[in-house]
Protein chains: 2
Amino acid sequence: MDVSIIGSGNVAWHLAPALDNLGYVVKEVYSRNPRHAAALTDRLYQAEVKASLDFSTSKSRLFIIAVSDEAIQSIVSEIILPDDSLLVHTSGSQPLHVLQFAAPHGMGVFYPLQTFSKSKKIDFKTIPIFLECSDDATKDQLKEVAKALSKSVYHITAEERKALHVAAVFASNFSNHMLKLSKDIMQENSLDFNLLKPLILETIQKSLSLGPEASQTGPAVRGDLEILDQEAYFLHENEKVAEIYRLISQHILDTYTPD
Amino acid sequence: MDVSIIGSGNVAWHLAPALDNLGYVVKEVYSRNPRHAAALTDRLYQAEVKASLDFSTSKSRLFIIAVSDEAIQSIVSEIILPDDSLLVHTSGSQPLHVLQFAAPHGMGVFYPLQTFSKSKKIDFKTIPIFLECSDDATKDQLKEVAKALSKSVYHITAEERKALHVAAVFASNFSNHMLKLSKDIMQENSLDFNLLKPLILETIQKSLSLGPEASQTGPAVRGDLEILDQEAYFLHENEKVAEIYRLISQHILDTYTPD
């Protein structure tokens, strides 16, 4: 099954070569910026840069929209697909039916749960792929592609995908923002953020092996109100950060302190 | 210099054998629970269980209080030290002067910035140790001990230690709590938390190598208000978690969106 990729961002950058290497030949790459599309085709065996979204004469049967969430709708409103083609997007948060307007034969969500950067190699085999499909025939076809890419493939409902995405926001975006706030505090006090690296790595490794409950430490889980007060006061010149400190500390207190 | 350890918790568990192996012989271990003290002496070459806090006839010159923050004051109020002895505690958040009542010859804070568990081996060489000392002679002596243990040793002020501890709370306790909230959302929706492990590891590794700003992704940093609304609504049955979602998302928006 030949494939066309719409998009040249971080997901497309890794997904297209991974498909190519498995024999799902990527024939066309479209991007709003043709130079970005060309950079991606350079990573592929046979792909050409596609100048428009008119794929009516394309030989591909799988069309993958791997663009930012905001851009999906305008792509769908312009794209022209050949008959019998499958259209998927790779977003964790956009609904399946956003693809409907393109009138594909079958449609799906093909959501690889990982954070991608162009500069960093990644092994697709280890990335869970979550599928949501319009019908059983599409389900079978997308499952085959996903199983070739990854050793963990799951069919989920729209509701489960919502939960998964919110959980991923906490686990990835919010934990990363805690590191950002930590780095800011260090820098404001002329301390090197790198000093915290061994602690951060050990905490996360422990959390993933023993569970976050077993690896929780610090003044909130100990119920040490004196230190909590002192530290909230330490942050008082930055009211927003102090508010985050109080809210999360209170939630840790509530989570671990029996009523 | 012989050493006595007061405490048998996670810090003492790793610190005492590390000192022993470097020739700072641990001679005595005191713990409120003598069986815990005995378990620690089993890990040491020459140490004996000490039944009381009267060390007036002890041959040790360095006394390390490695107990929970709440317990330090009552230890200090009871302990009797020999002349010329140094007394330190290992807390990140307790002031130096909390040791004053024991009237040591010199006193210090000896703060290893790491999370310790009895079940997990740890290489002390990689753990930053932060020192705060009552005087220069103590400073020289504690620095020598710390440098034998670790390749990164720093003298910091009381104010810097406060900043360091608050930053560590964000980096470790709060990022870990984000994983806890994530796990709860997954479980409430019958999804396996393990599915998020590759994402979490990649996020943290990227954050530590490129910096948290470069590795921030998700709806808030993209300014995607529609998804933010949807996800806050998704959490509406748990108002406290929804509030955390909104507050951190707003802060990410404010941090990354130019005015």
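These lines cover the structure that appears in this document, whether it is placed above or below. Keep in mind that what you see is a predicted model, and the values were worked out from it rather than measured.

Conventions and cut-offs
- Residues numbered from 1 in each chain as written.
- Chains lettered and ligands numbered in written order.
- Predicted model: local features only at pLDDT ≥ 70, side-chain atom pairs only at ≥ 80, totals over all residues.
- Heavy atoms only, no water.
- Helix = DSSP H or I, 4+ residues; strand = E, 2+ residues; numbered from the N terminus.
- Contact = heavy atoms within 4.5 Å.
- Pairing = 2+ DSSP bridges.
- Axes fitted to C-alpha atoms, helices over the stretch in contact; angles between N-to-C directions.
- Buried area = accessible area lost by both parts, 1.4 Å probe.
- Salt bridge = Lys/Arg side-chain N within 4 Å of Asp/Glu carboxyl O.
- Polar contact = N/O pair within 3.5 Å; in protein donor to acceptor, adjacent residues only side chain to side chain.
- Core = buried A, V, L, I, M, F, W, Y, C linked by side-chain atoms within 4.5 Å.
- Buried < 20%, exposed > 50% of the residue type's maximum accessible area, 1.4 Å probe, protein only.

### Considerations on the environment of Ile200(A)
Tracing the backbone through its elements, the reader meets Ile200(A) in helix α6 (residues 197-210). Considered as a pair, Ile200(A) and Lys27(A) are 173 residues apart in the sequence and their alpha carbons are 43 Å apart. Once you skip the residues sitting within four places of it in the chain, Ile200(A) turns out to touch Leu179(A), Phe193(A), Ala171(B), Ile204(B) and Leu208(B).

### Concerning the sheet that holds strand β2 (residues 26-30) of chain B
Residues and elements named next belong to chain B. With mixed pairing, eight strands are arranged side by side in an open sheet as β3-β2-β1-β4-β5-β6-β7-β8. Across the chains shown, the open sheet's two edge strands, defined by having one partner strand only, are β3 (48-50) and β8 (153-155). Geometrically, the sheet is characterised by an average inter-axis angle of 25° between neighbouring strands, direction not taken into account. Both strand β1 (residues 3-6) and strand β4 (residues 62-65) contribute to a ladder of four bridges, which runs parallel. Directly across from Val3, in β4, lies its bridge partner Leu62.

### Points about the interface of chain A and chain B
It is common to report an interface's size as the accessible area lost on association of the parts. Each side of the interface is counted separately: chain A has 85 residues, and chain B has 85 residues. Across the chain A to chain B interface the summed buried area is about 8,500 Å²; carbon plus sulfur atoms make up 68%. Along the contact surface separating chain A from chain B lie 12 salt bridges. At the boundary of chain A and chain B, one finds 38 residue pairs in polar contact (both at pLDDT 80 or more). The greatest single-element share of the side of chain A that touches chain B, amounting to 26 residues, is contributed by helix α5 (residues 158-188) of chain A.

### Points about the nonpolar core
One finds Phe170(A), Leu196(A), Phe170(B) and Leu196(B) to be the most contacted residues of the largest nonpolar core, which totals 114 residues. Here Leu196(A) is in contact with Ser182(A), Met186(A), Leu113(B), Ala167(B), Ala168(B) and Ala171(B), once residues within four sequence places are set aside. Listed in part, the 32 residues of the second largest apolar core include Val29(A), Ala47(A), Phe110(A) and Phe124(A).

### A short note on the pairing of strand β6 (residues 106-112) of chain A
Residue and element names in this part refer to chain A. Counting buried positions over the seven residues of β6 gives seven, a clear majority of the element. Side chains Gly106, Gly108, Phe110 and Pro112 of β6 all project onto a buried face; the interleaved residues Met107, Val109 and Tyr111 project onto the opposite face, where all are buried too. Across four bridges, the pairing between strand β5 (residues 86-89) and β6 is parallel. In the strand pairing of β6, Leu86 is matched with Gly106. Where β6 and strand β7 (residues 129-133) come together, five bridges link them in antiparallel fashion. Within β7, the position partnered with Pro112 by the bridge is Ile129.

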